[in-house]
Amino acid sequence: MITTLDNIKNTLIEDINQLTGGQLKQKYLSKDGVLTKLFKDIKDIEASQRKEYGEQLNGLKKDLEETILQKESNINNEKSTVSIDPSAPFDVNSSKDKRPHIIDLKGSSHPLMEELEIILDIFQRMGFDILESRQLDDDFHMFESLNFPKGHPARDMYDTFWTDENFVLPAHTSTMQNRALRRFGPPPIRVILPGRCFRNEATDASHEHTFYQIEGIYVDEAISMGNMQATIKEYLEQYLETDLEIKMQPAYFPFTEPDVEFVISCPFCNKKGCSTCANSGWIELMGCGMIHPNVLLAGGLDPQKYSGFAWGVGLDRLVAIKRGINDIRKLRDGDINFLRAL
Ligand code: FA5
């Protein structure tokens, strides 16, 4: 009889893997179930073996009951997580790639914001203050204070969106220069001005209608282009975690004089040429220059006494370079799986 029990144990192991809790219950523990019958047969067992047999049979029944309970509770758990939430913003309704609910509820930071934190941290260590730009501004901060008088043709370089009340969605973070000069003056003034910008763009892999810029200004006595090159180079080397060669190309901004395009050697191919730098070995990264005397005057500072530099870099393009993203629009098109994989 003990041998019969051993055979049943083997079949039972196979059944546990294949049958549901209900099917196991039916096959083994129902009125006509396999174990129920064995219990009925105990009376026919030889007296000397009856005790051991009974103990083994009870053990088997107990184990089986526990297995059935566990199977049923697993099924209930599965049922509770597969229930559909039609208002869920992403794939909580899928059984694949599911994050713990606690994370979904708390949200997580966007890669652009993570990189912004890293950049702000670098500048804070260099002694800069931080002031976020506005997402709705006026003509004075967008143009007048930056040496674009009314009717100046360079206004057309910054085609953005206006409200009926004549407020503007800023096309660049330079809108904050005047506020920063007034708020953090008298010099030395070292301020980082990050914020969201908007342009009336036909979008492509490197142009968005909505993007982030990080503006910086540094004003004091006897500040030169040399200080500008050193500050921006140091920041980019810390951020991209590599040594860089730099060069300056002529550019034009009404609010700086001289104005340049800051160009870096490609951090990926070391000037050999690759897809990131379009095989040129160099990347044009940002506009910058010495702050125009009229901008200092509008900010309440004497241009005879003070000089300074400013720059404005696009965060989206910088992050795309650092993280190897071939189209900046992917950063904002809401594909949660793409953002998670970054
Ligand atoms: C400006 O916006 C100037 N305000 C920068 C500046 C500041 C110059 C201070 C001098 C002194 P520009 O239009 O080149 O310049 O834009 C600066 C950076 O913003 C670009 O290098 C690019 O990285 C980013 N950028 C501009 N337009 C877009 C866009 N449509 N999509 C994504 N990034 C953009």
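Residues numbered from 1 in each chain as written. Predicted model: local features only at pLDDT ≥ 70, side-chain atom pairs only at ≥ 80, totals over all residues. Heavy atoms only, no water.

- As annotated in an unreviewed UniProt entry, the chain carries the name phenylalanine--tRNA ligase and comes from Candidatus Dojkabacteria bacterium.
- As recorded by UniProt, the Subcellular location (unreviewed entry) comment attached to the chain reads in full: "Cytoplasm".
- Comment text from UniProt for the chain, heading Catalytic activity (unreviewed entry), reads "tRNA(Phe) + L-phenylalanine + ATP = L-phenylalanyl-tRNA(Phe) + AMP + diphosphate + H(+)". (UniProt positions renumbered as here; feature names shortened; annotations may be inferred.)

**Some details on the nonpolar core**
Next up, step 1: In terms of nonpolar packing, the biggest core is built from 44 residues, with Tyr235, Leu236 and Trp311 touching the most fellow members.
Next up, step 2: Secondary-structure elements contributing two or more residues to this core are helix H6 (111-125), strand S5 (210-220), helix H9 (225-240), strand S7 (256-265), strand S8 (282-291), strand S9 (307-314), helix H11 (315-323) and helix H12 (336-341).
Next up, step 3: Apart from the residues within four sequence positions on either side, Leu236 is in contact with Glu241, Leu244, Phe262, Ile264, Leu285, Met286 and Leu318. (Core = buried A, V, L, I, M, F, W, Y, C linked by side-chain atoms within 4.5 Å. Buried < 20%, exposed > 50% of the residue type's maximum accessible area, 1.4 Å probe, protein only. Helix = DSSP H or I, 4+ residues; strand = E, 2+ residues; numbered from the N terminus. Contact = heavy atoms within 4.5 Å.)

**Things to note about the pairing of S8**
Next up, step 1: Summarising burial for S8: eight of the 10 residues are buried, a large majority.
Next up, step 2: One ladder, built from eight bridges, connects S7 with S8; its direction is antiparallel. Its bridge partner being in S8, Phe262 is matched across the sheet by Met286.
Next up, step 3: With five bridges connecting them, S8 and S9 associate as antiparallel partners. Bridging from a neighbouring strand, Gly287 pairs with Gly312 of S9. (Pairing = 2+ DSSP bridges.)

**Observations concerning helix H8 (residues 177-184)**
Next up, step 1: Those residues of H8 not exposed but buried are Gln177, Asn178, Arg179, Ala180 and Leu181.
Next up, step 2: Where the residues of H8 are buried, they touch helix H7 (139-142), strand S4 (189-198), S5, S8, helix H10 (293-298) and S9.

**Here's the deal with the sheet that holds S8**
Next up, step 1: The seven strands lie next to each other as S1-S4-S5-S9-S8-S7-S6, forming an open sheet whose pairing is mixed. In this open sheet, the two edge strands, each paired with only one partner strand, are strand S1 (129-130) and strand S6 (246-250).

**Remarks on the layout of surface pockets**
Picture a little ball the size of a water molecule; that probe, rolled over the atoms, points out where space is still empty.
Next up, step 1: Of the voids in this model, the largest pocket is the one considered here, and its volume is about 1000 Å³.
Next up, step 2: Taken together, 45 residues form the lining of the largest pocket, with Ser206, Glu284, Leu285, Gly314 and Arg317 sitting closest to its centre.
Next up, step 3: When contributions to the lining of the largest pocket are tallied by element, the ones reaching two or more residues are S5, S7, S8, S9 and H11.
Next up, step 4: In the lining of the largest pocket, the residues fall into 22 nonpolar, 14 polar and nine charged. (1 Å grid on protein atoms, 1.4 Å probe; cavity = no way out; pocket = protein on both sides within 12 Å on 5 of 7 lines; lining within 4 Å. Points joined across faces, edges and corners; volume = space filled by probe spheres on them. Nonpolar A, V, L, I, M, F, W, Y, C, P; charged D, E, K, R; others polar.)

**Overview of the site of the ligand**
Next up, step 1: Taken together, 25 residues lie near the ligand, and His172, Ser174, Arg199, Glu201 and Glu208 sit nearest.
Next up, step 2: Glu208 places a main-chain nitrogen or oxygen 2.9 Å from a nitrogen atom of the ligand.
Next up, step 3: One of the side-chain nitrogen or oxygen atoms of Gln213 is found 3.0 Å away from an oxygen atom of the ligand.
Next up, step 4: Compared with its free state, where it exposes 680 Å², the ligand has 93% of that area covered by protein.
Next up, step 5: Judged by its atoms lying within 2 Å of the grid points, the ligand is housed in the largest pocket.
Next up, step 6: Contributions of two or more residues to the shell around the ligand are made by S5, S8 and S9.
Next up, step 7: When grouped by side-chain class, the residues that make up the shell around the ligand number 10 nonpolar, 10 polar and five charged. (Near = heavy atom within 4 Å. Polar contact = N/O pair within 3.5 Å; in protein donor to acceptor, adjacent residues only side chain to side chain. Areas by Shrake-Rupley, 256 points an atom, 1.4 Å probe, with all protein chains shown as cover. Sits in = over half its atoms within 2 Å of the grid points.)

**Structural notes on the side chain of Asn178**
Next up, step 1: If you trace the backbone, Asn178 turns up in helix H8.
Next up, step 2: Aside from chain neighbours lying at most four places away, what touches Asn178 is Phe140, His141, Ser145, Ala298 and Gly299.

**Thoughts on the packing of aromatic side chains**
Next up, step 1: According to the stated counting rule, one finds 12 aromatic pairs in the structure shown.
Next up, step 2: Here the aromatic rings of Phe253 and Phe255 are separated by 5.6 Å at their centres, their planes lie at 35°, and the arrangement is tilted.
Next up, step 3: Note on Phe253: relative accessible area 16%, which makes it buried.
Next up, step 4: Among the aromatic side chains, those forming a connected cluster through ring pairs are Phe123, Phe128, Tyr218, Tyr235, Phe309 and Trp311.
Next up, step 5: Cation over ring: Lys247 sits above Trp282, and NZ or CZ is 4.2 Å from the ring centre.
Next up, step 6: Here the basic side chain of Lys322 rests over the ring of Tyr239, its NZ or CZ set 4.2 Å away from the ring centre. (Phe/Tyr/Trp six-rings, centres within 6.5 Å; stacked < 30°, edge-to-face > 60°. Lys NZ or Arg CZ within 6 Å of the ring centre and 35° of its normal.)

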